Structure formats: structure tokens, C-alpha cells
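Reading the structure
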Amino acid sequence: MADFNLTPSDPSTFILNGIPGLEAAHIWISIPFSMFFAIGLLGNFMLLFVVGKEQTLHKPMYLLLCMLALTDIATSTSVVPKALCIFWFNLKGITVGGCLSQMFFLYAVSMMQSAVLVTMAFDRYVAICNPLRYATILSNARIAKLGVLGLIRAFLFILPLPLLLTRQPFCANRIILHTYCEHMAVVKMSCGDVSVNRMYGLVITFVVLGLDLMLIALSYGLILRAILRISSKKAHEKAFNTCTAHICVMMMSYPPFFYSTLTHRFGQGIAPHIHIILSNLYFLLPSMLNPIIYGVKNKELFEKVVKCTSRLCFLRGH
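Residues numbered from 1 in each chain as written. Predicted model: local features only at pLDDT ≥ 70, side-chain atom pairs only at ≥ 80, totals over all residues. Heavy atoms only, no water.

1. Notes on unusual backbone geometry
Unusually for a residue other than glycine, N90 sits at a positive phi of about 60°. Relative to the helices and strands, N90 resides in the loop between helix 2 (60-89) and strand 2 (93-95). (Helix = DSSP H or I, 4+ residues; strand = E, 2+ residues; numbered from the N terminus.)

In C-alpha cells:
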């Protein structure tokens, strides 16, 4: 296969090496990657289409689901197309500006997704613990404002990551052993003092996202306390059922993110190809599974998806 790359010594480019040690299997690895990517796009765009079309779904909970779908689309599309270019065409070159832009966009959207998950936990708390005031506490307009605040927070906290790296001198060997511009992978190529970069990355991981996790845990602690006070078994099941989907989504989002972040710093004994594959799956699997989980667990949404799908099939048949 022809090699279209620039040389590693080119000062204007980095080289994304893909999955080191598995170069011969890149084509085979691309098959599940592209399938997961396509299924994720289809599911999330279907969710956006159904919620946008059905007036009865214009509620805060479904607005949050749309925000989650948008972040899933954004994270997967910022990583997978470049990875597939590496796997299929050996196009490994990426400009320094393109690399830093990808890094900013990727981490900003990930932080935005964390803000959406916190808001979803608060939404479930109000729905279960204070249902009579739900409509006044969480309106569509208020959810939209919280979404904007989450976007501003992500922009302000993530912007220093690429800005700090623009001040760093990079070594002659500019090969990144990854499929995308992961922050620590780029930091390791610097020949200067990167202690501030490392520290700021840890602050983002543990302080900001750690605070998000604490707020989610607090919401679910209060939800659990409220559920245990309910005497009806049927009400117990209904309350737990409304939270199951959100808990599943969180379990797919936070643990893989922390794993990916920490292994670059402290996981010297972990094989690079294992780390890189799992890092990519972190962006692929939630994007693919989130719309499926909510479609299955949410009866109202499931019925609307079936209705829209049947209508589209009927129109195509005529």
C-alpha cells in the first residue's frame, strides 16, 4: 500500500502510528470499528429525529437525551474517521494545529457529556423525590440554559490543554503511538518541562470530573433514600426502572475514561495496543449502546421509534 505520510522530522506535522504491534491487523480491526461507528451514528440520529418530530417528546428528559446523543456523535466522529484513514489508507500525518484542535474538541465534548450526565441525575432526583414540582423546577428552557453552562464550562477548562502545549518544544521524533491525539501521548513528545501540563490534566480528571461524580452519587443517594421510604413494591420497581438506563450509561462512560487517562500516566506495565484499543472503544461503545439502552428501557421512546420506523418503511414501500 502506498505511503502518503510526511516524514516524522517535518516540524509542521505529527505522525499518528495507529495501534503499535498490530499494524498487520489494521484492516481487520477496522471492521468492528466501522460497524460500531455506523450503528452509533444511526442510533443517535434516529433518536434526534424521533424526539424532534414527536411533539409529545418535547420534555426535559428527552432534551437531555438529545444532548447526550449529540455528544456521542461528536466524540465518535472526532476519533473514528482519522483512525479509519490510518487503518485503510495509511494516512498517518496530522498537522500540529489539527492535532491540538482534535484534542481540544475531544476533551471539551467529553466534559460536556459529563455535565449532561450530572443534569440527568438531577432530573431523575427531581422526578422521583419532588414530582409535583418537576415541571416548575426543570423546564425545557432551564435545561437548555444548563446545557449552555456545561458548554461554557467545558470550553474554559479544556482550552488550557492545547494552549499549554503550544508553548512546548517538541522533540525530533514526532510519532504518536495512538490513533488520535490523546493529551498525555502528545505531552510525552515534548522536550521541555511538562510538569504543569501533567498537573493540569490530573486536576481536570480528579477535581472537575470527580466533582461531577460526587454530585451524581449525591443525587442517587437521595433517590435511594426516597425509594426505601416508599411502601409500595410496584412504586419501588417503577422508581428503580427510571434510573437503570442512566446508571448503565454512567458505567460505560466514567470507568473507561478514568482507565484511559490513568494508564498513560501510571500504567507502564500495560501493553500499548491494549490501552489504545480500549481507549478507542471508550468512544465507540457508549455512542453505539446509549440510544439502544434508552430505546429499550424507555417505553414511550421505544413506541415512538417503532411508530416512526413503521411510517418510514410504509412511505418507502409506496
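2. Comments concerning the sheet that holds strand 1 (residues 13-16)
Read across the sheet, 3 strands follow the order 2-1-3 without closing on themselves; strand pairing throughout is mixed. Bordering the open sheet on either side are strand 2 and strand 3 (175-176), each of which pairs with just one other strand. In this structure, strand 1 lies alongside strand 3, joined through 2 bridges in parallel fashion. Opposite L16, over in strand 3, you have I176 as the bridge partner. The sheet contacts of helix 3 (residues 96-129) involve strand 1, strand 2 and strand 3, and relative to strand 2 the element is tilted by about 85°. (Pairing = 2+ DSSP bridges. Contact = heavy atoms within 4.5 Å. Axes fitted to C-alpha atoms, helices over the stretch in contact; angles between N-to-C directions.)

3. Some points on empty space enclosed by the protein
By the definition in use, this model includes 7 cavities of 30 Å³ or more. The computed volume of the largest cavity comes to approximately 90 Å³. If you trace the largest cavity, you find 12 residues lining it, with Y107, H183, G201, T205 and T261 closest to the centre. Those elements that provide at least two residues to the lining of the largest cavity are helix 7 (183-187), helix 8 (195-228) and helix 9 (233-266). Across the lining of the largest cavity, the residue classes break down as 6 nonpolar, 4 polar and 2 charged. (1 Å grid on protein atoms, 1.4 Å probe; cavity = no way out; pocket = protein on both sides within 12 Å on 5 of 7 lines; lining within 4 Å. Points joined across faces, edges and corners; volume = space filled by probe spheres on them. Nonpolar A, V, L, I, M, F, W, Y, C, P; charged D, E, K, R; others polar.)

4. Let's talk about the nonpolar core
With 83 residues, the main nonpolar core has F14, I176, V186 and L301 as its most contacted residues. With residues near it in sequence (within four places) discarded, V186 still touches F14, C99, M103, L165, F170, I176 and C181. (Core = buried A, V, L, I, M, F, W, Y, C linked by side-chain atoms within 4.5 Å. Buried < 20%, exposed > 50% of the residue type's maximum accessible area, 1.4 Å probe, protein only.)

5. A short note on the environment of A24
Examined against the element boundaries, A24 turns out to sit in the loop between strand 1 and helix 1 (26-53). Taking the C-alpha atoms as reference points, A24 and G147, separated by 123 residues in sequence, lie 43 Å from one another.

6. Here we look at the pattern of salt bridges
Two side chains with opposite charge may pair up if their charged atoms get near one another. Tallied over the full model, the rule gives 5 salt bridges. A salt bridge links E54 to K304; the nearest nitrogen and oxygen atoms lie 3.8 Å apart. Residue E54 is found in the loop between helix 1 and helix 2, and its partner K304 is found in helix 11 (residues 299-317); the two are separated by 250 residues along the sequence. The class of K304 is buried, set by a relative accessible area of 17%. A salt bridge links D123 to R124; the shortest N-O distance between them is 2.7 Å. Through salt bridges with shared partners, a single network forms among E54, K304 and K307. (Salt bridge = Lys/Arg side-chain N within 4 Å of Asp/Glu carboxyl O.)

7. Here's the deal with helix 8
End to end, helix 8 covers 47 Å across 34 residues, agreeing with the expected 50 Å (1.5 Å per residue, within 8%). Of all the bends in helix 8, the greatest, near 30°, is centred on G210. (Expected span 1.5 Å × (residues − 1). Bend = angle between axes of the 7 residues up to and from the residue.)

8. With respect to the packing of helix 2 against helix 5 (residues 140-158)
In the contact formed by helix 2 and helix 5, the axes pass within 9 Å of each other and the chain directions differ by 25°. Viewed along their axes, helix 2 and helix 5 adopt a mutual orientation that is roughly parallel. Helix 5 is crossed by helix 2, and the crossing has right-handed handedness. Each of P60, L63, L64 and M67 in helix 2 lies in contact with helix 5, whose residues at this interface are N140, I143, A144 and G147. When the residues that make up the contact of helix 2 with helix 5 are grouped by side-chain class, the tally is 6 nonpolar, 2 polar and no charged. (Parallel < 35°, antiparallel > 145°, perpendicular 65-115°, else oblique. Left-handed = near helix turned anticlockwise from the far one by under 90°.)

9. Concerning helix 2
The first and last C-alpha atoms of helix 2 sit 43 Å apart over 30 residues, in line with the 44 Å expected at 1.5 Å per residue. T77 marks the point of greatest bend in helix 2, at about 30°, and the proline P81 comes within the next four residues. Of all 30 residues in helix 2, 22 are buried, a share of seventy percent or more.

10. Remarks on the state of the cysteines
Tallying each qualifying case throughout the model produces 2 disulfides. Here C99 pairs with C181 through a disulfide, and the sulfurs are 2.0 Å apart. Judged by the sign of its S-S torsion, about -125°, the cystine formed by C99 and C181 is left-handed. With C99 in helix 3 and C181 in the loop between strand 3 and helix 7, this residue pair connects regions lying 82 residues apart in the sequence. For C99, a relative accessible area of 0% puts it in the buried group. Between C171 and C191 runs a disulfide, and the two sulfur atoms are separated by 1.9 Å. Taken as a pair, C171 in the loop between helix 6 (160-166) and strand 3 and C191 in the loop between helix 7 and helix 8 lie far apart in primary sequence, 20 residues in all. Look at C191 and you get partly exposed, because its relative accessible area is 49%. Sequence-ordered numbering of the bonded cysteines in the chain yields a pairing of 1-3, 2-4. Cysteine C66 is unpaired, with the sulfur of C308 as its nearest cysteine sulfur at 12 Å. (Disulfide = S-S within 2.5 Å.)

Taken by themselves, the reported measurements are silent on function.
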